[in-house]
Amino acid sequence: IHRVPAGECLGYDESHPLSRDSVIATLAAGYIDGYPRQNSKGEVVVDHTAKDYFTENDVKEIVDKIHQSEKKIDTFEDKISSYLVKIASRDLSKSDSETTTKLLHIIGDIERIGDHAENIVDVAEEIYQKKIQFSEEARKEIKIISDATAEILEITMSALEKDDIELAKHIE
């Protein structure tokens, strides 16, 4: 977390100039971890790397990685939330106060996603250990759910990036 002066550009391609002095947090996350990213046109690209690993790599390695990621998410959530609460206690403009509130909600949502991922991997590990097989119909249903989840994530990221409340309302 550090201060950045107005006019400085952010992003890998430095295409996002700041319009005012800002306090920013830089999180260490990469698309290899399954985090969303943007293509060269600035469009959100949902990286399905995490889903692809599930079918290609050893289950134990995946389980360990997800549990480690959840611990990191919990740590980040605690530190960032504490910092944002400190910021919120200061005299902020209405816009900065709204942004801080949004960030607190986002951090909480990310933490819950991490919890859900850990719950899912626990169930998946049990399925693997018990050698439970899904029917063809069940695999098709899982694919439908997976595709719907990816679509929801794409819409969510787009609504967040564009600060588009109307688009966010269409998330089902």
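Keep in mind that this is a model prediction, so the values were computed, not measured.

(A) Molecular detail of the overall build of the chain. The secondary structure content of the chain amounts to 5 helices and 6 strands. A sequence separation of at least 24 residues applies to 39% of the contacts in the chain between residues at least 6 apart. Split by element, the accessible area of the chain, about 13100 Å² in all, is 56% carbon and sulfur.

(B) Local environment of the environment of Ile 152. Position of Ile 152 relative to the elements: it lies in helix α4 (residues 136–162). On a C-alpha basis, the gap between Ile 152 and His 170 in space is 9.3 Å, while along the polypeptide they are 18 residues apart. In contact with Ile 152, other than residues within four places in its own chain, are Ile 171 and Glu 172.

(C) Region of the structure containing the environment of Asp 122. Mapping Asp 122 onto the fold places it in helix α3 (residues 94–129). On the basis of relative accessibility, which here comes to 35%, the residue Asp 122 falls in the partly exposed class. A C-alpha to C-alpha distance of 9.4 Å links Asp 122 and His 67, two positions 55 residues apart in sequence.

(D) Quick look at the pattern of salt bridges. Throughout the structure, instances matching the rule amount to 7 salt bridges. Here Asp 163 and Lys 102 are joined by a salt bridge, their closest N and O atoms 2.9 Å apart. On the criterion of sequence distance, the pair formed by Asp 163 in the loop between α4 and α5 (165–169) and Lys 102 in helix α3 is long-range, its members being 61 residues apart. Put simply, Lys 169 and Glu 166 hold a salt bridge, and the shortest N to O gap is 3.3 Å. Here Lys 169 pairs with Glu 166, and both are found in helix α5, just 3 residues apart, close to one helical turn.

(E) Region of the structure containing the environment of Lys 130. The topology assignment puts Lys 130 in the loop between α3 and α4. In this structure Lys 130 comes out as exposed when scored by relative accessible area, which is 54%. A polar contact is formed between the side chain of Lys 130 and the side chain of Glu 126, at a distance of 2.7 Å.

(F) Looking closely at unusual backbone geometry. The residue Lys 131 is not glycine, and still its phi comes out positive at about 55°. The topology assignment puts Lys 131 in the loop between α3 and α4. Assessed through its relative accessible area of 65%, Lys 131 is described here as exposed. Here Asp 163, not a glycine, exhibits a phi torsion of approximately 50°, which is positive. Relative accessible area serves as the criterion here: at 48%, Asp 163 is assigned to the partly exposed category.

Reading the values: the criteria
Residues numbered from 1 in each chain as written. Predicted model: local features only at pLDDT ≥ 70, side-chain atom pairs only at ≥ 80, totals over all residues. Heavy atoms only, no water. Helix = DSSP H or I, 4+ residues; strand = E, 2+ residues; numbered from the N terminus. Contact = heavy atoms within 4.5 Å. Areas by Shrake-Rupley, 256 points an atom, 1.4 Å probe, with all protein chains shown as cover. Buried < 20%, exposed > 50% of the residue type's maximum accessible area, 1.4 Å probe, protein only. Salt bridge = Lys/Arg side-chain N within 4 Å of Asp/Glu carboxyl O. Polar contact = N/O pair within 3.5 Å; in protein donor to acceptor, adjacent residues only side chain to side chain.

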